[in-house]
Amino acid sequence: MQTAQTHLDSGMDTQMDISALQVSWRAFDTVAHLRPIHSEADYDRTVTLMNALLDVTGDDEDHPLSGLLELAAEWVSRYEQKHHAIEAANPRDALRFLMEARGLKQEDLSAIVPRRNLSAILAGKRKISVTMAGKLGRFFGISPAVFVPR
């Protein structure tokens, strides 16, 4: 049996069964074929895996597959930042885009943002507050960070 001794953060030494790891890895690799992403094909495969894991784990951070989801998401994020980077939009432009895309008028957002404030935001005379960003994020179902001025 092949073993390797590893040093853990707690300062304790533990034996790792490399033979068992090799058998487990072969079985896992046959199903997931998880690798660092170096191409669009790798990216597509990893996004498919990530989406399937999301369907299973949902918001459960304690799900047995949450670590695998986190790893896949990290690799996807790194690849996207390097190869699919999109410059962040101005919060006002993002708001205008979302309103137009959903066919919304200023009065449709009056329960969230007073109409006078919304007019000032869209005209560039007022910034979106953090509180307002949170409300807009919930309304549009996206991250409030989209509306936070940089």
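In what follows, the accompanying structure is described. The structure presented is a predicted model; accordingly, all values stated were derived computationally and were not measured.

## A word on the side chain of Asp42
Checked against the element boundaries, Asp42 lands in helix H2 (residues 40–57). Within the structure, the side chain of Asp42 is placed 3.0 Å from the backbone nitrogen of His38, a separation counted as a polar contact. Look past the residues within four positions of Asp42 in its chain and what remains in contact with it is Pro36 and Ile37.

## Examining the packing of helix H4 (residues 91–101) against helix H5 (residues 115–122)
Between H4 and H5, the least distance of the axes is 9 Å, while the angle of their chain directions is 115°. Between H4 and H5, the interaxial angle falls into the category roughly perpendicular. Between H4, through Arg92, Leu95, Arg96 and Met99, and H5, the contact on the second element is made entirely by Leu118, Ile121 and Leu122. Residue composition of the contact of H4 with H5, grouped by class: 5 nonpolar, no polar and 2 charged.

## Digging into the pattern of salt bridges
Evaluation of the coordinates by the stated rule reveals 6 salt bridges. Measuring nitrogen to oxygen at the nearest pair gives 3.9 Å for the salt bridge that ties Arg92 to Asp93. When its relative accessible area of 37% is taken as the criterion, Asp93 is described as partly exposed. Between Glu107 and Arg115 there is a salt bridge, and its shortest N-O distance comes to 3.6 Å. Overlapping salt bridges, with partners in common, bring together Arg92, Asp93 and Arg96 in one network.

Cut-off values and rules
- Residues numbered from 1 in each chain as written.
- Predicted model: local features only at pLDDT ≥ 70, side-chain atom pairs only at ≥ 80, totals over all residues.
- Heavy atoms only, no water.
- Helix = DSSP H or I, 4+ residues; strand = E, 2+ residues; numbered from the N terminus.
- Polar contact = N/O pair within 3.5 Å; in protein donor to acceptor, adjacent residues only side chain to side chain.
- Contact = heavy atoms within 4.5 Å.
- Axes fitted to C-alpha atoms, helices over the stretch in contact; angles between N-to-C directions.
- Parallel < 35°, antiparallel > 145°, perpendicular 65-115°, else oblique.
- Nonpolar A, V, L, I, M, F, W, Y, C, P; charged D, E, K, R; others polar.
- Salt bridge = Lys/Arg side-chain N within 4 Å of Asp/Glu carboxyl O.
- Buried < 20%, exposed > 50% of the residue type's maximum accessible area, 1.4 Å probe, protein only.

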